[in-house]
Every structure is written in C-alpha cells, then in structure tokens.
Amino acid sequence: MKQKEGFVLRTVCGENVIVGEGLGTIDFGKLISLNETAAWLWKKAGEMGEFSVDTLVDALCEEYEVGAEQARADVQKIVAQWQELGIVE
C-alpha cells in the first residue's frame, strides 16, 4: 500500500488532520482528525513509501511500548479507515 498523492498531515488548531491538497483531491471535502499515534503512523507510512500492516506494526512496536497483538489491532483499524476513506491505495 501507499498514501495517495495529495493527502498531507497538517496541524490545525492543535489537532492533527489529514487534508487533501491539489487538483487530484478536489472532490475530497473532509478533514480527517488523527490522535497522536495515528498521526505518527501516517508520517511513518509516508516515510516508508510502500507499507503494509506488518511493517507499520513492527515500526509501532519499536517506537512505543506496546505488544504486537495490540499494535496489530490498532494498525489494522486505522489502515482500514484510511482505505475506506480512499486516502491510501
């Protein structure tokens, strides 16, 4: 998977949000609010370019004190949301 071009993480009024920028996202009229960990995962996915649930789980376990089972559940949930919103492909 990878992030779709034109979707970027911004801080708006102290909140982490993903917004669409550019002509390719003109029909995307949403702000997607992310907690600190989800924002970290979005940044990490962007750094990776191509990513999978497994690579994000590994990265999350390395960065935070979280067990693999909990990390997998959390990553699967956020990646499923990103897929549903169409911001990853």
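Presented here is a report on the structure given in the accompanying data block.

A few points about the environment of Leu 31
Along the polypeptide, Leu 31 turns up in the loop between β2 (15–20) and β3 (32–34). For Leu 31, a relative accessible area of 58% translates into the label exposed. Between the C-alpha atom of Leu 31 and that of Asn 16, which follows or precedes it by 15 residues, the distance is 9.5 Å. Sequence-distant contacts of Leu 31, that is, excluding residues within four places in its chain, are made with Val 17, Ile 18 and Val 19.

What to know about the environment of Val 53
You can see Val 53 is positioned in helix α2 (residues 53–63). A sequence separation of 29 residues divides Val 53 from Trp 82, and the C-alpha atoms of the two residues are 12 Å apart. Ignoring sequence-local partners within four residues, the contact set of Val 53 consists of Met 1, Arg 72, Val 75, Gln 76 and Val 79.

What to know about helix α1 (residues 36–48)
One turn of an α-helix holds 3.6 residues; hence residues three or four places apart share an orientation. Here α1 spans 18 Å end to end across 13 residues, near enough to the 18 Å set by a 1.5 Å rise per residue. Listed in full, the buried residues belonging to α1 are Ala 38, Ala 39, Trp 40, Leu 41, Trp 42 and Ala 45. Where α1 is buried, its residues meet β1 (7–12), β2, β3, α2 and α3 (68–85). Between the side-chain oxygen of the N-cap and the backbone nitrogen of Thr 37 there are 3.1 Å, and the N-cap of α1 in question is Asn 35. Phi turns positive one or two residues past the end of α1, at Gly 49, with a value near 80°.

Description of the layout of surface pockets
The computed volume of the largest pocket comes to approximately 230 Å³. If you go around the largest pocket, you meet 13 residues; those closest to its centre are Asn 35, Thr 37, Ala 38, Asp 74 and Ile 78. Among the elements of the structure, β3, α1 and α3 are those that each provide at least two residues to the lining of the largest pocket. A total of 4 residues in the lining of the largest pocket trace back to one element, the largest contributor, which is α3. Tallied by class, the residues present in the lining of the largest pocket amount to 7 nonpolar, 4 polar and 2 charged.

Rules used in this analysis
Residues numbered from 1 in each chain as written. Predicted model: local features only at pLDDT ≥ 70, side-chain atom pairs only at ≥ 80, totals over all residues. Heavy atoms only, no water. Helix = DSSP H or I, 4+ residues; strand = E, 2+ residues; numbered from the N terminus. Buried < 20%, exposed > 50% of the residue type's maximum accessible area, 1.4 Å probe, protein only. Contact = heavy atoms within 4.5 Å. Expected span 1.5 Å × (residues − 1). Polar contact = N/O pair within 3.5 Å; in protein donor to acceptor, adjacent residues only side chain to side chain. 1 Å grid on protein atoms, 1.4 Å probe; cavity = no way out; pocket = protein on both sides within 12 Å on 5 of 7 lines; lining within 4 Å. Points joined across faces, edges and corners; volume = space filled by probe spheres on them. Nonpolar A, V, L, I, M, F, W, Y, C, P; charged D, E, K, R; others polar.

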